[in-house]
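# Results of the structural survey
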Amino acid sequence: MNKLDQLTITEIYASIQGESAYAGIPCTFIRLTGCPLRCRWCDTAYAFKGGTLWTISAIVDEVKKLGVPLVELTGGEPLAQASTPELARQLIKEGFQLLCETSGSEDVGILPEDTHIIMDWKCPDSGMSQKNLLVNFDRLKPSDEIKFVVASRSDFEWAQREIREHSLDRRFHVLFSCAWGLVAPKDLAAWILEQPMRCRMQLQQHKYIWGPRAKGV
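Residues numbered from 1 in each chain as written. Predicted model: local features only at pLDDT ≥ 70, side-chain atom pairs only at ≥ 80, totals over all residues. Heavy atoms only, no water.

### Observations concerning the overall build of the protein
- Looking only at helices and strands, the protein has six helices and nine strands in total.
- The C-alpha radius of gyration of the protein comes to 17 Å, within 12% of the 17 Å expected for a compact globule of 217 residues.
- Here the C-alpha coordinates of the protein stretch approximately 55 × 35 × 30 Å along the principal axes.
- Within the protein, residue pairs in contact and separated by at least 24 positions form 69% of the contacts whose partners lie at least 6 positions apart.
- With the model as given, the accessible surface of the protein reaches about 10,100 Å², and the carbon-plus-sulfur share is 51%. (Helix = DSSP H or I, 4+ residues; strand = E, 2+ residues; numbered from the N terminus. Rg over C-alpha atoms; globule rule 2.2 N^0.38 Å. Contact = heavy atoms within 4.5 Å. Areas by Shrake-Rupley, 256 points an atom, 1.4 Å probe, with all protein chains shown as cover.)

### Details of the pairing of strand β8 (residues 173-178)
- Of all six residues in β8, five are buried; the element is thus mostly enclosed.
- In this sheet, β8 lies alongside strand β7 (residues 145-150) in parallel orientation, the contact comprising six bridges. Residue F148 lies in a different strand from β8, and its bridge partner there is F176.
- Both β8 and strand β9 (residues 200-202) contribute to a ladder of three bridges, which runs parallel. Looking across to β9, one finds that F176 is bridged to M201.
- This β-α-β element, β8 to helix α5 (residues 185-194) to β9, shows right-handed connectivity. (Buried < 20%, exposed > 50% of the residue type's maximum accessible area, 1.4 Å probe, protein only. Pairing = 2+ DSSP bridges. Right-handed = clockwise from strand over helix to strand, strands pointing away.)

### Some details on the packing of aromatic side chains
- In the structure shown here, the tally under the stated rule is seven aromatic pairs.
- For the ring pair W121 and F137, a centre distance of 4.4 Å and an interplane angle of 40° mean the geometry is tilted. Of this pair, W121 sits in the loop between β6 (116-120) and β7 while F137 sits in the loop between β6 and β7, and the two are 16 residues apart along the sequence. We note that W121, like F137, is buried.
- A centroid spacing of 5.1 Å and a plane angle of 50° characterise the contact between F156 and F176, whose relative ring orientation is tilted. Within this pair, whereas F156 is found in helix α3 (residues 153-166), its partner F176 is found in strand β8, the two being separated by 20 residues in sequence.
- Taken together through their ring pairs, the aromatic side chains of F148, F156, W158, F176 and W191 make up a single cluster.
- Taking the ring centre of F48 as reference, the NZ or CZ of R38 above it sits at 3.7 Å. (Phe/Tyr/Trp six-rings, centres within 6.5 Å; stacked < 30°, edge-to-face > 60°. Lys NZ or Arg CZ within 6 Å of the ring centre and 35° of its normal.)

### Thoughts on a nonpolar patch on the surface
- A cluster of nonpolar residues, W180, L203 and Y208, forms a patch on the protein surface that exposes about 300 Å² of accessible area.
- Looking at the secondary structure, you find Y208 in helix α6 (residues 205-210). (Patch = residues over 30% accessible without salt bridge, like charges linked within 9 Å, V, L, I, M, F, W, Y side chains within 5 Å. Salt bridge = Lys/Arg side-chain N within 4 Å of Asp/Glu carboxyl O.)

### A short note on the nonpolar core
- Core analysis: the biggest nonpolar cluster contains 42 residues, and I30, L87, L91, I146, F148, F176 and L188 have the highest contact counts within it.
- In this structure I146 touches M119, W121, F137, L140, L168, F172, H173, V174 and L175, once residues within four positions along its chain are discounted.
- Core analysis: the second largest hydrophobic core is formed by nine residues, C35, L37, C39 and A179 among them. (Core = buried A, V, L, I, M, F, W, Y, C linked by side-chain atoms within 4.5 Å.)

### Here we look at unusual backbone geometry
- A cis amide bond links G75 with the next residue in sequence, G76, at an omega value of 20°.
- Counting through the fold element by element, G76 comes out in the loop between β4 (70-74) and α2 (84-93).
- The backbone of S20 sits at a positive phi, close to 75°, despite the residue not being glycine.
- The residue S20 is located in the loop between β1 (6-16) and β2 (26-32) in this model.
- Residue classification places S20 among the buried residues on the basis of a relative accessible area of 4%.
- If you check the backbone angles, S167 has positive phi at about 50° while not being a glycine.
- Within the fold, S167 resides in the loop between α3 and α4 (168-171).

Put into structure tokens, the structure is as follows:
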């Protein structure tokens, strides 16, 4: 079997998209195993190890069975596996609308042009901001999204500086999220309103529906 036709998968399931501009829309999630980062607030550490080896054709068949037009590649870190771009190509070829949620630490330029990218630009309190690749700002399309997960006021102020320095709110769609249990939504909303910018505040809908520790939803 060709190794480039294989991916290690933690879970594949249909749910409601909890984040991004697609929040609230039915979506099939393909959660790939493994991540080179160790964010302090990570909520999917169970995907760091283990998983099951799938062929790309088997993954596509499973997605077809679930019958949801919107599909997201997530993790872990989906771009840490070499075969992810080929999986993306095959899903797009089959007519699925494809999202990829990835950190800023991997080169997003390896994805097909038709992939909608949601890039999680790591703030300092994650402990991983030094891993962000600045070149990714030149890889994204105007329709793509950059997400800042903030765990403190200092994270939010750092994100504001990043947005201003790189004109991110003029080039892409900017999202703000609360690190679960570390920042209250009302506080994040207040910070955004102090100096309104072109951005979207989002809540992780799936955690409010099923709880913060539920898997496969």
